[in-house]
Structures are given as C-alpha cells and as structure tokens.
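Inside the fold
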Amino acid sequence: MKSVSLIKEILLLGLVLCIGTLYAQKTRTERDLLGEKQIPFEAYYGVQTARALENFQVSGVKTNFYPDYVRAYAMVKLAAARANAEDGRLKKDRLAAIEKACLAVMDGKYHEQFIVDLYQGGAGTSANMNANEVLANIALEMMGKKKGEYQFIEPHDDLNMGQSTNDVYPTAIKVALLLHNDKLIKEAELLSQSFHKKGEEFKNILKMGRTEGQDAVPMTVGQEFHAFGNQLDAEIKTLRQMEAYLYEHNMGATAIGTGITASPGYASKCAVHLAKITGKPMFLSNDLISATSSQQGFVMYSSALKSMAVTLSKISSDLIFLASGPRTGIFEINLPAKQPGSSIMPGKVNPVMPELMNLVTFKVMGNDFTVTLAAHSGLLQLNAYEPVEAIAIMESQALFYKTFPLFRTQCIDGITANADVQKRNIERSVGIVTALNPVLGYEKTTELAKEALATNKGILELIREKKLLTEAEIQKLLDPATMTEVKK
C-alpha cells in the first residue's frame, strides 16, 4: 500500500510540474509592422517592448531603475488622456480605465514592467511604447478585459493619441528631472546646514588662511566652514534657477512640431493638465518646431549640475588637504575615521568620504560633456541622442542625492578642529605680520618678517624677545574678533 501511495504522490508531483511548466510557457500573440511575436502571457508590455528587449541589451540599466522616471511617463500620459477626453476624442470609459492605470503607476505599482534599456536607438521610441503598452494592458484589466485585447484600449490609438515619441519622450525626461531635482535640493540643503553648523562650532578658533598654498592672513576655522556652506548655497540657488529651463515643453508637437494627428485644442489643454499633475509651472512652448529640436533645457540644467560638482570637488580637496598628516601634513582638522586605510601600512586611515565625493563630482563633470556632445549632434527637426542626455543627467542627479547624505553624516558632521595645531601655526607664521602693520608700522613688521624667516623663529616669539608688545596686547591682538572681523 505504501508503494502505491508513493507512486501516486510522484505522479501528482509530476503533473503539478508539467502544469507549472505549461503555465510558465503560456504566451499571447501580438503583431506589429514586422510581423507576429509571442509575448509572455503575464507580461503587461507588448510586441514593441519585446523587440526592444532583443535589440537593446546594452547597459542592464532599465527605465525602472529610476522610479520617478516611470512616474513621469504616467503623468504625461494622464495629462494627454485628459486633454483628449476634453476634446471629445477619447471615450469616457477608456479615459476612466487609463486614469486608473496611470494613477497606479504613479503610486509605484507595475514598475517591474518598465524594462527597456536606457540605451536605445530610435530617439526614445522604445521607452514611449513600453509605457503605452503597459498602461494599455493595465487599463484593460481594470475594465475587466484580458491583456492584448486592444480592440477595447489600443497602445497607439488611445495611449499615444495626439502624441509622438518626439514630444512625449523629452517631456517625460523633463518631468523626471524636476522630480529628481526636488530630492537633490533637499539633500544639498541638509549638507549646507552641516557646513554652517561647523562654522558656528569653530567660530572662535583662529587659524592661518592660505593663498596659493602659502601663509596669508589670519581667519577662523568657522569662517572657512561657513564659506564652504555659502558656496554650496550659491549652487543650490543656481539649480533652482536652471530648473526653470525644464518647465517649457513641446507636448502637442507630435512628430516635428506641426501638431499633425493632434486636435486643435489639445496642446494647450495638455499643458494645463501636466502642470496640475506635476505641481510644477510647466508651460507649452510658443514654437513647437523649435522646442522639438532644441536641447537648451537639458544643456542649461546639466551645466548647473557641473557647476555644483566643481564646487564640491574643490571643497572635498580642501578637506583632504586640511586633514593631511597626521604627523607630516597640515593636520588642522580631523576627519572621522571610517575604515583602515591600507592593506600593508598599519595605522593608516584615509579620507575616504571626501574621496568618494570627488569620484562622484568627476563623473558628473563628464556627464555634462556627454550632454554637450549629444545636444549639438542632433540633425534638423529632431535630436536622436536625447536618450544619452537623459542617462547622463539622471545619473548625475542620483549620484548627488545618494552621496550627499553619506558625505554629510559620515564626514562633515564628525569633523573636529585641532585647536593646538592652529594656535602653533598662528604663533609661528610669518603671515600674521600683516595684522601688526597698524600697530608696529610697515617698516618694523617687514624687519620682523625678514628676521623670522632667517632665524626660523615665530613672529610672536621675536615680539616677546624684543618686548615690542606686552602679553596683554598680544592676547588682544590675537582675539578672533579683532583679527578677523570685516571692518565696517
């Protein structure tokens, strides 16, 4: 009996496996210009997405790598559907299903279906059709229909109504960049605040400023860190200003800007809906032919990212220099120790977080050059290289808003100042002699500087030896407020 029972269990298991295999292999047939193609039955994408999966296996980085990029497509398609419905072209039942589909994607659902490689030929056609097919099939299910029953909702006729890749794709990119810019500015502001907090913490620690790597005149460590924060504040302001170049869009331009296939009132209605959906003051270009070929918005915004990268790289390199040592370098500040710095040198700790920030900034600078090359290489009424502009700019944004919190919490927040080192540098530096000009006169301070360099003595050491100032006068002179405040 046991053997019979065992045989039954084996047969049942085999049947389950066979059914599972058949179900996994179940497909539906879709067709396009090139013919029929089998699509996985459970897939929400369709035939043109399937062809893109065969043609563009390049980077492995797909549309859904950036969730806000997927949301951007849903926002654009929702605005278009509502505008077409207002014009009477899209039926109310189809609008209702498309709205539900778009809102679901905006809510983070179905993102696993947006699978086209970011590197693609065709000026973004594959990405647009991926969105059209997925949203159409989601809408079909919400109507109680089956995937692929396009007689009820069709990817081209309904989801792409009055549209072209040439207006949808750049507009979706701009929406995605705007969503990412909000994240980027939020993290940049937190990073700036950390620099300013350190500025307040170190405001009474006197140090020597340097120009061209040489001793200059005194300042405070606080002033140095407030300057870092203010430089970042200026870059944040620029990012906000450059965001405005992304507000202008060409929805309604269709193929080249003439609006072919779109209804007369569609473009302006779509612009109104897009602004409401995104919460950004997006507006329709007054010259759609110009807007379809122009890349100014991408170039200007990318330039702001490059500018921020240049500033952050300079700040990061300054921190590395100021923390150099500990015995044979500047060693004016301490960076948090994050990991052993060498596989061979015991006790070595490297400035890994400023180095990480520099790696990111170098990549962002390179990405800006990519945008430059792509923007000027487009021909006539369309730029076919917009995909690489999108890749470059979104990568730069993501690198920044993912690295900033690490740089802030793992580096800036934990910096301490070596006050004893700063004091010793002040007392030995020849640079402090400039501050003595009003007290001792230029001729005397020049003699002191010359003697200090010749004897390797500090300026204050010589002043004490020569009894040129009392100790009380020296202490008053070295007061940070007296030494560093801007005279008004």
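Presented here is a report on the structure given in the accompanying data block. (Residues numbered from 1 in each chain as written. Predicted model: local features only at pLDDT ≥ 70, side-chain atom pairs only at ≥ 80, totals over all residues. Heavy atoms only, no water.)

Quick look at the overall build of the protein
Defined as follows: Secondary structure elements follow DSSP: runs of H or I of four or more residues count as helices, runs of E of two or more count as strands, with numbering from the N terminus. Our radius of gyration is a C-alpha quantity, and the globule rule it is checked against amounts to 2.2 Å times the number of residues to the power 0.38. Any residue under 20% of the maximum accessible area for its type is buried, any over 50% is exposed, and the rest in between are partly exposed; the area is computed with a 1.4 Å probe on protein chains only. Any pair of residues with heavy atoms lying within 4.5 Å of one another is described as a contacting pair. When charges are counted, Lys and Arg are positive and Asp and Glu negative, with His and the chain ends excluded. To locate a charge, take atom NZ for lysine, CZ for arginine, CG for aspartate or CD for glutamate.
The number of helices and strands found in the protein is 19 helices and eight strands. Taking 488 residues into account, the globule formula puts the C-alpha radius of gyration at 23 Å, and the protein, at 32 Å, lies well above it. Taken over the C-alpha atoms alone, the protein extends approximately 100 × 80 × 35 Å along its principal axes. When the 488 residues of the protein are sorted by exposure, 49% land in the buried category. Within the protein, contacts between residues separated by at least 24 positions form 73% of all contacts whose residues are at least 6 apart in sequence. Looking at the protein, you have 53 positive and 53 negative side-chain charges, and the mean spots of the two groups are 4 Å apart.

What about the pairing of strand S1 (residues 27-32)?
What counts, and what does not: By definition, two strands form a pair when at least two bridges between them are found by DSSP.
Here S1 pairs with strand S2 (residues 35-40) via six bridges, running antiparallel. Paired with Arg 28 across the bridge in S2 is Ile 39. In this structure, the hairpin formed by S1 and S2 is closed by a connection of two residues.

A look at the layout of surface pockets
Applicable threshold: Using protein atoms alone on a 1 Å grid, points that fit a 1.4 Å probe yet trap it form a cavity, whereas open point sets bounded by protein on both sides within 12 Å along at least five of seven lines form a pocket; residues with an atom within 4 Å of a point count as lining. Grid points are joined across faces, edges and corners, and a volume is the space filled by probe spheres set on the points. We call Asp, Glu, Lys and Arg charged. Ala, Val, Leu, Ile, Met, Phe, Trp, Tyr, Cys and Pro are nonpolar, and the rest, Gly among them, are polar.
In this structure, the largest pocket spans a volume of roughly 380 Å³. Considering the residues around the largest pocket, the lining is formed by 16 residues, among which Ala 323, Gly 325, Pro 326, Val 349 and Asn 350 are closest to the centre. Residues that form the lining of the largest pocket fall into these classes: ten nonpolar, five polar and one charged.

A closer look at the packing of aromatic side chains
In this description, an aromatic ring pair is defined by two values, namely the gap between the centres and the angle between the planes. Stated formally: Aromatic rings from Phe, Tyr and Trp, taking only the six-membered ring of Trp, are treated as a pair when their centres fall within 6.5 Å; an angle between ring planes under 30 degrees marks them as stacked, one over 60 as edge-to-face, and anything in between as tilted. A positively charged side chain is recorded as over a ring if its NZ (Lys) or CZ (Arg) lies within 6 Å of the ring centre. The angle to the ring normal must also be within 35 degrees.
Applying the stated criterion to the full structure yields eight aromatic pairs. For the pair Phe 195 and Phe 228, a centre-to-centre distance of 5.8 Å together with 65 degrees between the ring planes defines the contact as edge-to-face. On the criterion of sequence distance, the pair formed by Phe 195 in helix H7 (residues 165-201) and Phe 228 in helix H8 (residues 221-243) is long-range, its members being 33 residues apart. Aromatic side chains Phe 202 and Phe 225 sit 5.5 Å apart centroid to centroid with 70 degrees between the ring planes, which places their arrangement in the edge-to-face category. Of this pair, Phe 202 sits in the loop between H7 and strand S3 (206-211) while Phe 225 is found in helix H8, placing the two residues 23 residues apart along the sequence. According to the relative accessible area criterion, Phe 225 is buried, its value standing at 0%. An aromatic cluster is built from Phe 195, Phe 202, Phe 225 and Phe 228, whose rings are joined through pairwise contacts. Note that Lys 26 overlies the ring of Phe 41, its terminal NZ or CZ placed 4.3 Å from the centroid. Lying across the ring of Phe 298, Lys 174 places its NZ or CZ 5.7 Å from the centre.

Structural notes on helix H3 (residues 67-86)
Three- or four-residue spacings in an α-helix give side chains the same orientation, since the helix completes a turn every 3.6 residues. Stated formally: To estimate the expected span of a helix, count its residues, drop one, and scale the result by 1.5 Å.
Given a rise of 1.5 Å per residue, 20 residues ought to cover 28 Å, and the 29 Å separating the end C-alpha atoms of H3 matches this to within 8%. Of all 20 residues in H3, 15 are buried; the element is thus mostly enclosed. One or two steps after H3, the chain reaches Gly 88, where phi turns positive at roughly 85 degrees.

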